[in-house]
Amino acid sequence: MTTSEDKIRVAVLFGGRSAEHEVSLRSAANVIQYLDKSQFDIVPIGIDKQGSWFLGHTVFQQSLAHNYVSQVVNQNETWFTPEWVGKPVKSATTLSAQQMAKPVFDVIFPVVHGTFCEDGTLQGLLELTHLPYVGCGVLASAIGMDKDVAKRLVAHARVNVAPYLVIKQEQWQAAPEKIMQRVNQELAYPVFVKPANT
């Protein structure tokens, strides 16, 4: 029988400062639902839209109910700081004294989306913890998030890429008619317009 001490302690990060904050809550709900509770000790950590971190299952349930990470924290939950992720915790939290004597988590499972989350920013922070985490590393995350850079690298590797244009905001503001003329000449309709790195 697996005891609590034998389980792999997984921090599931959800929420975040991006426009995809609410989507992250649904993704985290799926991850938490399907992680094997007999093998994993799951600790949800919510990141609100201002970038503050909160720890605990009640925070997660409140976040699902309100569709955002709430700053309401009761006596059974606690505020959390990313500096605690990779080292023993000295401050009083919901963790026991025995748990605080070792790194708080065995692995980090980021279930966050968009800017500051999938673009290498969070991955860089997690690299500093010296703990394993799920998903791509810093470089792959940053490249994958930037459509312009990703397309150029893929094309350089001689992989076929659909025709595209990269339009800077200042270019559009200075000469929208000229940009539309390029679109008409170089692309075929319908076209899709997407931000390059969000």
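Preceding this paragraph is the structure being described.
Below or above, wherever it landed, is the structure these notes cover.

Here is what the cut-offs are and how they apply
- Residues numbered from 1 in each chain as written.
- Predicted model: local features only at pLDDT ≥ 70, side-chain atom pairs only at ≥ 80, totals over all residues.
- Heavy atoms only, no water.
- Helix = DSSP H or I, 4+ residues; strand = E, 2+ residues; numbered from the N terminus.
- Contact = heavy atoms within 4.5 Å.
- Buried < 20%, exposed > 50% of the residue type's maximum accessible area, 1.4 Å probe, protein only.
- Polar contact = N/O pair within 3.5 Å; in protein donor to acceptor, adjacent residues only side chain to side chain.
- Salt bridge = Lys/Arg side-chain N within 4 Å of Asp/Glu carboxyl O.

Moving on to the environment of F116. Within the secondary structure layout, F116 lies in the loop between β5 (107-110) and α4 (121-128). In contact with F116, other than residues within four places in its own chain, are R17, T121 and L122.

So, about the side chain of S24. Summarising the element assignment, S24 is placed in helix α1 (residues 21-34). What makes S24 buried here is its relative accessible area of 0%. Polar side-chain contacts of S24 include one of 2.8 Å to the backbone nitrogen of G15. For S24, the side chain forms a polar contact with the main-chain oxygen of V111, separated by 2.5 Å. With near-sequence residues (within four places) excluded, S24 lies in contact with F14, G15, V111, V112 and H113.

In this section: the pattern of salt bridges. Within the structure shown, the criterion is met by four salt bridges. Here E22 makes a salt bridge to K49, at a shortest N to O gap of 2.6 Å. With E22 in helix α1 and K49 in the loop between β2 (40-47) and β3 (53-55), this pair connects stretches of sequence that are 27 residues apart. Between D148 and R152 there is a salt bridge, with the nearest N and O atoms lying 3.1 Å from each other.

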